[in-house]
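Coordinate analysis (summary)
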Amino acid sequence: MNTELIGVIATFIITIVIAIPFGKYIVKVFKGEKTILDFLIPVEKTIFRLCGIDSTKQMNWKQHLIALLSINILWFVYAFIMLLTQGSLFLNPDGNPSMSPDLSFNTAISFVVNCNLQHYSGETGLTYLTQLAVIAFLQFVSAATGIAALIVVFNAMKEKTTEGLGNFFDMFLKSITRILLPVSSIIALILVFNGTPASFAGKDTIHTLQGDTVQVSRGPAAGMIGIKHLGTNGGGWFGANSAHPLENPNYLTNMVEMIAQVLIPLALIFALGFYLNRKKMAYVIFGVMTIGMISFLIPTMIAETSGNPAITKMGIDQSGGSMEGKEVRFGASASAYWSVLTTIISTGSVNSMHDSSMPVSGTMQLLGMMTNAFYGGCGVGILNYYIFMIIAVFISGLMVGRTPEFLGRKIEAREMKIATMIALLHPFLILVGTAISSYMYTKDPSVGWLNNPGYHGFSEMLYEYTSSAANNGSGFEGLGDNNWFWNITTGFVLIIGRFLPIIGPVAIAGILARKKFIPESAGTLRTDTGTFGIMTYAVIMIIAALAFFPALVLGPLAEYFTLYHH
Amino acid sequence: MKTYILPSLKLSGILLIICSALYPLFIAAMALVAPGGGNGKKVFENDQVVGYDNIGQKFTNDDYFQGRPSAVNYNAAGSAGSNKGGSNSDYLTIVQARIDTFLVHNPGIKKSTIPSDLVTASGSGLDPHISVKGANIQVPRIAKLRKREEEVLYSLVKKCTEHPLLGVFGPERVNVLKLNLALNAL
């Protein structure tokens, strides 16, 4: 076995080994049990006192959502104004300009919703102030929003009828002080000691060995790169994201960044098991999600390590794999693994350019975001999976002729309507967006968005809306997307694609929690079995495959057949 | 909603200070003891800064080892890949031209031994590395121009080869700038 493959397998195993105890730790944090960071309690109490928040006050599901949405609106207004005026504010050593209103709109929304649809390049598009006080700030708080929303749902899944589902601000703040800040500090320090810049010095000018004069962009990047992965946001300091040699200097940092982005989504699955004392259910969910991940990973690895067949025809040595858009220090395998992780987990950071991936890999990246429930983003991954579980319970219930029940509560028409709407919203946003942009482009090709002709050009547009709706943020970056059309349309897709999939599950969970608890009996459809896992997997794949198959045929699959069978 | 606005505003303000000021300042302070002091690791030749050890540089002269094609011409003011799709015919024409150019500059090299990383652009446009094959294949050309034994240069490449992490994780590769510095120092 070669060292590139071993590197990938080792990275995955290390992730699981860390995620299980980390999941236990998360449970302790939210149950208020003793942890090693308890010395922060006075700090948290002081913060709540200064803000006038009573962190012990229980909230019902509606109060949770109102609190969550109001604080998010504040962040959006703040971020929009900062980006619009950054050129004339301080901490701007490179003298970068302010953003246009449509780009500020898109960027502010993108980061509020824990996405990183960057229609700019970090080196020229932002200042050190906005990188830290807008982008990195939102990377913390949007990730904490996702975790808090998930814990509300966890609370609602407990075995008692209840209105009170914890306090939003308490869970939100603890996500930052106990989870995100400490772990991203560790990641940032590893990066710093491997050569990632962290100082506030501006661009450097270098006379190269050959005698050219070039510039090198720098800045306090390490801290942001820590939280960008841990919080599954993915927004890079530099334009090339984690392909950039300062953002991801070597194979060690590449492993650390890959582990960091999967850590919380994985740990939260195990946390579900510990929190509700339903370990078997957590292992089934983990199993289904892992099978989903591996089913995307294997075709991607094969396609990328085999190289581009059109270049093979030219008669050169492609044993290193398809290297366009990839970095030698990571190699084709680790790049393939990253591209699958970042799309199933809604991180959206990249260590290779997805636009130059092989068509099979492009299909897998798209499917990762279309399903959006295998591991998934910080907190929201399990929320998406929860919707699919509700649908699977309902369908299974119909199949065996029993009243559908989920964790001791009856699923009725109201919950099903919400679940179905959320499940169908995703294909609706993606396909309508792609259809409109395709129409605009064919009507007037002089808009010049596409960097590649034909099927691949269509894939660039499909990818952009898929990435927006999934709050992923990666892109087929050849797409010329910094213009009013893309900034505005993807901006709206981002908002809808974030908040409805949070509101939906929280509402369902809240409604269910108020219902009478029916203890499980021999007649109950068990939701912690392998059979139910397969059922959920089937629901996910049928909704994703059936809804998106025609679009995939027009894009990456058509490209595959022209490239491999021409 | 009104009851939440003021507390939210205050909480956001406090978190802004913690996450966007204290946190990066803490990392910057810790970086002072890291190699490069948090400014990036520089490399020197005769006490002169010649670059950053992991930012690739452009080498066009035939008596240097050359790196990979770059979409940003190795100017690290920015960073980008080509974003060309594998089926794009304009792109494939460019790759073919790179192969032809390489064969002209490296006479006697068999086409089937050119590794793909030498004719494809990297993701960042700043890739500091090439594959070991990509370095060895350039040895005959450089040996001739620099009037050195090929064996000496092969062993130089071997000496400059960076190994997989702990010997087992990830690919072998050669840092082009460091290899060229070693070449000058011969």
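The structure contained in this document is the topic of the report that follows.

The rules we used
- Numbers given for residues are sequential positions, taken from 1 along each chain in its written order.
- Chain letters start at A and ligand numbers start at 1, both assigned in the order the entries are written.
- A pLDDT threshold of at least 70 governs which residues receive local features in this predicted model, and a stricter bar of 80 or more applies before side-chain atom pairs are shown or counted, although totals over entire chains, interfaces and linings include all residues.
- Calculated side-chain values reflect all of the structure's heavy atoms, with hydrogen atoms and water omitted.
- Going along the chain from the N terminus, every DSSP run of H or I of four or more residues is numbered as a helix, and every run of E of two or more is numbered as a strand.
- Note that the radius of gyration is over C-alpha atoms, with the globule rule given as 2.2 Å times the number of residues to the power 0.38.
- Note on classification: 1.4 Å probe, protein chains only; a residue is buried when its accessible area is under 20% of the maximum for its type, exposed when over 50%, partly exposed between these limits.
- In what follows, a contact means two residues having at least one pair of non-hydrogen atoms within 4.5 Å.
- Computed by Shrake-Rupley with a 1.4 Å probe, the accessible areas treat only the displayed protein chains as cover when residues are assessed.
- When charges are counted, neither His nor the chain ends are considered; positive counts come from Lys and Arg and negative counts from Asp and Glu.
- Charge placement uses NZ in Lys and CZ in Arg. For Asp and Glu, CG and CD serve respectively.
- Here the aromatic set is Phe, Tyr and Trp, taking the six-membered ring for Trp, and pairing holds for ring centres within 6.5 Å; pairs whose planes are under 30 degrees apart are stacked, those over 60 apart are edge-to-face, and all others are tilted.
- Polar contacts, as used here, are pairs of N or O atoms within 3.5 Å; protein pairs need one atom able to donate a hydrogen and one able to accept it. Residues neighboring in sequence count only if both atoms are side-chain atoms.
- Two kinds of site are reported from a 1 Å grid over the protein atoms alone, namely cavities, where a 1.4 Å probe fits but cannot get out, and pockets, open sets with protein on both sides within 12 Å along at least five of seven lines, and residues are called lining when an atom falls within 4 Å of a point.
- Grid points are joined across faces, edges and corners, and a volume is the space filled by probe spheres set on the points.
- Charged residues are taken to be Asp, Glu, Lys and Arg, nonpolar residues to be Ala, Val, Leu, Ile, Met, Phe, Trp, Tyr, Cys and Pro, and polar residues to be all remaining types, Gly included.
- Accessible surface is computed with a 1.4 Å probe, and the buried area is the amount of it that two parts give up when combined, taken over both parts together.
- A carboxyl oxygen of Asp or Glu within 4 Å of a side-chain nitrogen of Lys or Arg is what we treat as a salt bridge.
- The term nonpolar core refers to a set of buried residues drawn from Ala, Val, Leu, Ile, Met, Phe, Trp, Tyr and Cys, joined through side-chain atoms within 4.5 Å.
- The domain limits used here are those given by an automatic or database domain assignment.
- We call two strands paired when DSSP finds no fewer than two bridges between them.

Quick look at the overall build of chain A
For chain A, the helix and strand inventory stands at 18 helices and four strands. Taken over the C-alpha trace, chain A has a radius of gyration of 23 Å; the compact-globule value for 566 residues is 24 Å, and the two agree within 12%. Oriented by its inertia axes, the alpha-carbon framework of chain A measures out at about 75 × 60 × 50 Å. Among the 566 residues that make up chain A, the fraction classed as buried is 68%. A sequence separation of at least 24 residues applies to 78% of the contacts in chain A between residues at least 6 apart. As presented, chain A carries roughly 17900 Å² of accessible surface, and 69% of it is formed by carbon and sulfur atoms. When the 32 positive and 31 negative side-chain charges of chain A are each reduced to one mean point, those points stand 16 Å apart.

Let's talk about the packing of aromatic side chains
Counted according to the given criterion, the structure contains 28 aromatic pairs over all chains. On the numbers, 6.0 Å between centres and 25° between planes, the contact of F76 of chain A with F80 of chain A is stacked. With a gap of four residues between them, F76 of chain A and F80 of chain A both fall in helix α3 (residues 61-85), about one helical turn apart. With a centroid separation of 5.1 Å and an interplanar angle of 45°, the aromatic rings of F270 of chain A and F286 of chain A are classed as tilted. Here F286 of chain A lies in helix α10 (residues 279-306) and F270 of chain A lies in helix α9 (residues 251-276), a separation of 16 residues in the sequence. Neither F270 of chain A nor F286 of chain A differs from the other in exposure class; each is buried. Among the aromatic residues, those joined into a ring-pair cluster are W75, Y78, F137, F168, F169 and F172 of chain A together with Y4 of chain B.

Concerning the side chain of N248 of chain A
Residues and elements named next belong to chain A. With respect to the helices and strands, N248 occurs in the loop between α8 (222-230) and α9. Here N254 takes part through its side chain, which lies 2.9 Å from a polar atom of the side chain of N248. Once you skip the residues sitting within four places of it in the chain, N248 turns out to touch S242, T253, N254, E257, R329, F330, W338 and N351.

Regarding the layout of surface pockets
In this approach, a probe sized like a water molecule rolls over the atoms, and the result shows the empty space that is left. The computed volume of the largest pocket comes to approximately 630 Å³. Among the secondary structure elements, those contributing two or more residues to the lining of the largest pocket are α1 (3-31), α2 (41-51), α6 (128-156) and α7 (168-192) of chain A. Per-class residue counts for the lining of the largest pocket are nine nonpolar, nine polar and 13 charged. As a volume, the second largest pocket reaches approximately 530 Å³. E4, S319 and G320 of chain A together with S131 and P171 of chain B are, among the 24 residues lining the second largest pocket, the residues nearest its centre. Residues of the lining of the second largest pocket, tallied by class, amount to nine nonpolar, ten polar and five charged.

Describing the interface of chain A and chain B
With 103 residues of chain A in contact, the opposing surface of chain B contributes 99 residues. Carbon and sulfur atoms supply 65% of the area buried between chain A and chain B, which totals about 7900 Å² over both sides. At the junction of chain A and chain B, the tally comes to three salt bridges. Among the ionic pairs, R329 of chain A bridges to D127 of chain B, the shortest N-O distance being 3.9 Å. Inspection of the region where chain A meets chain B yields 47 residue pairs in polar contact (both at pLDDT 80 or more). Of the residues forming the side of chain A that touches chain B, the biggest block, ten residues, is contributed by α7 of chain A.

With respect to the nonpolar core
Within the largest apolar cluster, 247 residues are counted, with the highest numbers of intra-cluster contacts made by F169, F172, I176, L180 and Y375 of chain A together with L11 of chain B. For this core, the leading source of residues is α6 of chain A, giving 22 residues. Both domain 1 (1-33) and domain 2 (40-185) of chain B contribute no fewer than three residues apiece to this core. The residues contacting F169 of chain A, other than those within four sequence positions of it, are F48, I53, M59, A67 and I71 of chain A together with Y4, S8 and L11 of chain B.

Some points on the pattern of salt bridges
Under the definition given, this model contains 16 salt bridges over all chains. R514 of chain A is the partner of E163 of chain A in a salt bridge, and the nearest nitrogen-oxygen pair spans 3.7 Å. Taken together, the residues span a long stretch of sequence, with E163 of chain A in the loop between α6 and α7 and R514 of chain A in helix α17 (residues 484-514) at a distance of 351 residues. The salt bridge partner of D127 of chain B is R68 of chain B, with a shortest N-O separation of 2.9 Å. Residue D127 of chain B is located in the loop between α2 (89-105) and β3 (129-130), and its partner R68 of chain B is located in the loop between β2 (48-52) and α2; the two are separated by 59 residues in the primary sequence. Since its relative accessible area comes to 2%, R68 of chain B is described here as buried. Each member of the salt-bridge network shares a partner with another, and the members are E327 and R329 of chain A together with R68 and D127 of chain B.

What about the sheet that holds strand β4 (residues 161-162) of chain B?
Residues and elements named next belong to chain B. In space, the three strands of this open sheet follow the order β3-β5-β4, with antiparallel pairing throughout. This sheet does not close on itself; its edge strands, each paired only once, are β3 and β4. Note: β4 against strand β5 (residues 173-175), two bridges, orientation antiparallel. In the strand pairing of β5, E162 is matched with R173.

Description of unusual backbone geometry
Leaving glycine aside, a negative phi is the common case for residues, and trans is the common case for peptide bonds. Residue and element names in this part refer to chain A. The phi angle at T232 is positive, at roughly 50°, despite the residue not being glycine. You can see T232 is positioned in the loop between α8 and α9. Non-glycine residue Y375 carries a positive phi angle of around 70°. Positionally, Y375 belongs in the loop between α13 (359-371) and α14 (380-400). The buried category is assigned to Y375, whose relative accessible area is 0%.

Everything listed here is a matter of geometry and, on its own, says nothing about what the molecule does.
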